[in-house]
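Results of the structural survey
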Amino acid sequence: MIKRALALSVLSLVFATVPAWSASKEIIQLQTQVELLQQQMQSMQRSFDERMGVMKNLVEQNSDSMNKIAAAIVDVQSMLKKQQTDAGSKADQLSGQIQALNDSIDELKARMAKLTKQLEDMQASQQALAAQAAQVAQQQQAPPPDVLYNNALRDYTAGKNELASQQFLDYLKFYPNTDLAGNAYFYLAELEYRGSNFQQAVKDYDHVIENFPSGNKVAAAHLKKGFSLIELGQQDNGVEELRALLRRFPRTPEATQARERLQKLGVAVTPSRKPH
């Protein structure tokens, strides 16, 4: 444990000496992304306004056509009522005209529904682009990833649990896909373990195991997940987690701790085979 603490201290000193131009470079890159997104939004807004004008004209034209057709239907129906005494052939002719007019109305309704769907799709695209721009702007306001992570690790080492927890959460909020995101989840789980919040700790340890399988905290996550399950009274699941650690990482310091815990529980390192 002393060696690990020393290693963490040295790591913190190394990251503290990272030149400022690295953070500036990342900020410039984020600003460039924001400018590109703003240009895209302006171009899309112009296209949206132009297409909206065309579609509104089409809708107005379709509405006028529907009104004219509806008036024609009324006229035809009036004629039909007046000429009910006429021959049946004439009545059939008028009925056919009414059916044709009704078909035209149905076609116009379908066209209007299609135009409405296109408008909704354009609005959704514009909203998605605006959300993306907001996310990039938010990242631009956040500290650089190495600074945010090192601050969180420093406060974690100093025992400032609440502050460290918030900083690790901020890191995952702004930089969820970096190489250090798995470590951030692990230290969050460690803080939850410190606070006896074993249920949430199990979830975050499992997040490390499942989503960052090549990270350097997987063995430790197996170990502490097993300990957390045992603390929750789920000894069988905890024992199986420790055995999984021994199978995957048999020569690690975490494997040594797992064997000691299994011996303390009076449980075999490997499950005994059931007789056939």
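Here, the structure is the one placed above.
The rules behind these values
Residues numbered from 1 in each chain as written. Predicted model: local features only at pLDDT ≥ 70, side-chain atom pairs only at ≥ 80, totals over all residues. Heavy atoms only, no water. Helix = DSSP H or I, 4+ residues; strand = E, 2+ residues; numbered from the N terminus. Buried < 20%, exposed > 50% of the residue type's maximum accessible area, 1.4 Å probe, protein only. Contact = heavy atoms within 4.5 Å. Areas by Shrake-Rupley, 256 points an atom, 1.4 Å probe, with all protein chains shown as cover. Phe/Tyr/Trp six-rings, centres within 6.5 Å; stacked < 30°, edge-to-face > 60°. Core = buried A, V, L, I, M, F, W, Y, C linked by side-chain atoms within 4.5 Å. Salt bridge = Lys/Arg side-chain N within 4 Å of Asp/Glu carboxyl O. Axes fitted to C-alpha atoms, helices over the stretch in contact; angles between N-to-C directions. Left-handed = near helix turned anticlockwise from the far one by under 90°. Nonpolar A, V, L, I, M, F, W, Y, C, P; charged D, E, K, R; others polar. Expected span 1.5 Å × (residues − 1).

In this section: the overall build of the protein. Of the regular secondary structure elements, the protein holds ten helices and zero strands. Element order for the protein, N to C, with α for helix and β for strand: α-α-α-α-α-α-α-α-α-α. For the protein, with 276 residues in total, the buried portion stands at 33%. Taking contacts inside the protein between residues at least 6 apart in sequence as the whole, the part at least 24 apart equals 58%. Carbon together with sulfur atoms contributes 53% to the accessible area of the protein, which is approximately 17600 Å² in total.

A full pass over the atoms with the stated rule returns ten aromatic pairs. Judged by centre distance (4.9 Å) and plane angle (55°), the ring pair of Tyr-156 and Tyr-187 falls under tilted. One end of the pair, Tyr-156, is in helix H4 (residues 145-157); the other, Tyr-187, is in helix H6 (residues 181-194), and 31 residues separate them in sequence. For Tyr-156, a relative accessible area of 9% gives the class buried. A relative accessible area of 4% means that Tyr-187 is categorised as buried.

What follows is about the nonpolar core. With 40 residues, the main nonpolar core has Tyr-156, Phe-168, Phe-186, Tyr-187, Tyr-205 and Leu-242 as its most contacted residues. The set of elements that each furnish at least two residues to this core consists of H4, helix H5 (161-174), H6, helix H7 (198-211), helix H8 (218-231), helix H9 (235-248) and helix H10 (253-265). Element by element, the count of residues in this core is highest for H6, at nine residues. With sequence-adjacent residues up to four places away left out, Tyr-156 is seen in contact with Ala-164, Phe-168, Tyr-187, Glu-190, Leu-191 and Arg-194.

Per the stated rule, a full pass over the model turns up six salt bridges. As a salt-bridge pair, Lys-225 and Glu-241 come within 3.5 Å of each other at their nearest N and O atoms. Here Lys-225 is found in helix H8, whereas its partner Glu-241 is found in helix H9, with 16 residues between them in sequence. The exposure class of Glu-241 is buried, given its relative accessible area of 11%. Its salt-bridge partner being Glu-240, residue Arg-247 comes within 3.0 Å of it at the nearest N-O pair. By relative accessible area, Arg-247 is classed as exposed at 54%. Among the residues examined, Glu-240 registers a relative accessible area of 38% and is labelled partly exposed. When salt bridges that share partners are traced, they join Asp-206, Lys-225 and Glu-241 into one network.

At a closest axis distance of 9 Å, the pairing of H9 and H10 adopts a crossing angle of 145°. Two packed elements cross with a definite hand, and for H9 against H10 that hand is left-handed. Residue-level contacts link Gln-235, Val-239, Leu-242, Arg-243, Leu-245 and Leu-246 of H9 to Glu-254, Ala-255, Ala-258, Arg-259, Arg-261, Leu-262 and Leu-265 of H10. Across the contact of H9 with H10, the residue classes tally to eight nonpolar, one polar and four charged.

Moving on, we get to the environment of Ala-258. In this structure, Ala-258 sits in helix H10. In this structure the C-alpha to C-alpha distance between Ala-258 and Leu-246, which are twelve residues apart in sequence, comes to 7.4 Å. Leaving out residues up to four positions away in the same chain, Ala-258 has contacts with Leu-223, Leu-242, Leu-245 and Leu-246.

To continue, consider the side chain of Lys-225. The exposure class of Lys-225 is buried, given its relative accessible area of 13%. Residues in contact with Lys-225, not counting those within four places in the same chain, are Val-202, Tyr-205, Asp-206, Ile-209 and Glu-241.

In this section: H6. Spanning 14 residues, H6 covers 20 Å between terminal C-alpha atoms, matching the ideal 20 Å at 1.5 Å per step. Of all 14 residues making up H6, 13 are buried, and the element is well covered by its neighbours. Phi for Ser-196, located one or two positions after H6, is positive at around 65°.

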